[in-house]
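# A closer look at the structure
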Amino acid sequence: MTYEGLYRQAIDELKSAGVPEAELSAWYLLEYSVGDGFFDRAYFYLHGDDEVSDDIVLRLGTFVEYRKKRVPLEYITHRTQFMGLDFYVDADVLIPRQDTETLVCEALKFSAGRDVLDICTGSGCIAVSIAGLGRPESVTASDKSLPALSVAKKNAAANNADIEFVRADIWDEVSDEPVSGYKGKLNKRFDLIISNPPYIRRHDMDLLMPEVKEYEPVMALDGGEDGLFFYKKILDGIKDHIRPDGIVLFEIGFDQAEDVSELMRSSGLDGIEVIRDLAGKDRVVRGGYYV
């Protein structure tokens, strides 16, 4: 079979299975199946009629079967891009979304020379982007999940990002035995505290597309009955961990700006501002701890 024939066959199979953006998935899976770094669009157009090895046919067939089951493309290829940087992802972490780049772009405005904390770091995409693209004094990233911290640490190393990792349940130590390589306490104050916490309302979880609902980690999505559980938990301890004139940035769901803004005001934060993403939806809430 030729490259062209194999690509078209993959598209047809994915379309028949109802997979969205079948052409895009087929292309990335073909590119991943070939590997070796030489295969790109230019090579494909020049060599589309070349015969493909049986190994490539077998690999692509396996990957297409995964995708037909709605396994996210990023979990098959274990790679994605965020803020122009390359990240490894697997089923232990949420796949970085373009929407979250709004949060990072806002954070970069305030990060220079500051001690930054990223809560619920997951893949580490926020912390790594700030460490790599900004000029912070320091970056700390925390998460409750050890597998997630392992992925974040891998991404920090791959992007030469200097980050201190802490295993914590928001502000609390995790009750398990201490784990080598991770601190268990957030024992200093920060100038800039950022979080993209789980914020999906529990009754909305079943409405998510199959790629998200069936494969992405529930603990990175479920924000409790009202979707506000983690905002409340973070804000409950914010005064003990933020410096005077510190800034707090939250990613939010498109309809949560009013609720999260009020929670921030009730916690003593001022100058509340809502920032919209590129689609014009409310995406980030910023507040300051001015004393």
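Attention in this report is confined to the structure presented alongside it.

Reading the values: the criteria
One numbering rule holds for all chains: residues counted from 1, following each sequence as written. Where local features are concerned, this predicted model is filtered to residues with pLDDT of at least 70; where side-chain atom pairs are given and counted, the filter is 80 or more; whole-chain, interface and lining totals use all residues. With hydrogens and water set aside, each side-chain value is computed from the structure's full complement of heavy atoms. Each helix is a run of DSSP H or I of at least 4 residues and each strand a run of E of at least 2, with the numbering of both proceeding from the N terminus. Each radius of gyration is computed over the set of C-alpha atoms, and the globule rule expresses the reference value as 2.2 Å times the number of residues to the power 0.38. With a 1.4 Å probe rolled over the protein chains alone, any residue whose accessible area is under 20% of its type maximum counts as buried; one over 50% counts as exposed, and the rest are partly exposed. In what follows, a contact means two residues having at least one pair of non-hydrogen atoms within 4.5 Å. Per-residue and other accessible areas were derived by the Shrake-Rupley procedure at a 1.4 Å probe size, with only the shown protein chains allowed to occlude residues. Only when DSSP finds a minimum of two bridges between them are two strands counted as paired. Note on geometry: axes are lines fitted to C-alpha atoms, helical ones only across the stretch in contact, with angles between N-to-C directions running from 0 to 180 degrees. Put simply, buried Ala, Val, Leu, Ile, Met, Phe, Trp, Tyr and Cys residues joined by side-chain atoms within 4.5 Å make one nonpolar core. Classification of ring pairs rests on two measures: the distance between centres of Phe, Tyr or Trp rings, Trp counted by its six-membered ring, which must be within 6.5 Å, and the angle between planes, read as stacked under 30 degrees, edge-to-face over 60 and tilted in between. Whether a charge sits over a ring depends on NZ of Lys or CZ of Arg being within 6 Å of the ring centre and within 35 degrees of the ring normal.

## Concerning the overall build of the chain
- From N to C terminus, the chain includes 11 helices and 10 strands.
- Scaling as 2.2 N^0.38, a compact globule of 291 residues should have a C-alpha radius of gyration of about 19 Å, and the chain matches this with 21 Å.
- Out of the 291 residues in the chain, the part that is buried amounts to 50%.
- Within the chain, residue pairs in contact and separated by at least 24 positions form 63% of the contacts whose partners lie at least 6 positions apart.
- For the chain, the computed accessible surface area is about 14100 Å², with 48% contributed by carbon and sulfur atoms.

## Examining the sheet that holds strand 8 (residues 242–251)
- Read across the sheet, 8 strands follow the order 6-5-4-3-7-8-10-9 without closing on themselves; strand pairing throughout is mixed. In this open sheet, the two strands that pair with only one neighbour each are strand 6 (172–173) and strand 9 (270–276).
- Here strand 5 (residues 164–169) runs beside strand 6; their pairing, made up of 2 bridges, is antiparallel. Looking across to strand 6, one finds that A168 is bridged to E173.
- Sitting on the sheet, helix 8 (residues 146–158) touches strand 4 (138–143) and strand 5, and the angle it makes with strand 5 is about 165°.
- Here helix 11 (residues 257–266) sits on the sheet in contact with strand 8, strand 9 and strand 10 (282–289), set at roughly 10° to strand 10.

## Comments concerning the nonpolar core
- In this structure, Y3, Y7, L29, L30, F39, F44 and L60 are the most contacted members of the largest nonpolar core, which totals 29 residues.
- Those elements that provide at least two residues to this core are helix 1 (3–16), helix 2 (22–34), helix 4 (54–68), helix 5 (73–77) and helix 8.
- Discounting chain neighbours no more than four positions away, the residues touching F44 are Y3, E4, Y7, W27, L30 and F39.
- By size, the runner-up hydrophobic cluster in this structure holds 28 residues, among which are L103, I130, L192 and V284.

## So, the packing of aromatic side chains
- Per the counting criterion, the structure on display carries 13 aromatic pairs.
- When the ring of Y7 is compared with that of W27, the centres are 5.9 Å apart and the planes differ by 85°; the resulting orientation is edge-to-face. On the criterion of sequence distance, the pair formed by Y7 in helix 1 and W27 in helix 2 is long-range, its members being 20 residues apart.
- Classification of W27 as buried rests on a relative accessible area of 4%.
- Linked through ring pairs, Y3, Y7, W27, F39, Y43, F44 and Y45 together constitute an aromatic cluster.
- Over the aromatic face of W27 sits the side chain of R41, whose NZ or CZ is 3.9 Å from the ring centroid.

## Structural notes on the pairing of strand 7 (residues 190–195)
- Burial analysis of strand 7 places 6 of its 6 residues in the buried class, which makes it a mostly covered element.
- Inspection of the sheet shows strand 3 (residues 115–119) paired to strand 7 by 4 bridges, in the parallel sense. When the bridges of strand 7 are listed, D118 appears paired with I194.
- Sheet analysis places strand 7 next to strand 8, joined by 5 bridges and oriented parallel. Opposite L192, over in strand 8, you have I247 as the bridge partner.

## Some remarks on helix 6 (residues 101–108)
- Taken together, the buried positions of helix 6 are T102, L103, V104, E106 and A107.
- In this structure, the buried residues of helix 6 make contact with strand 1 (80–82), helix 7 (125–133), strand 7, strand 8, strand 9 and strand 10.

Any functional reading would require information beyond the geometric quantities listed.
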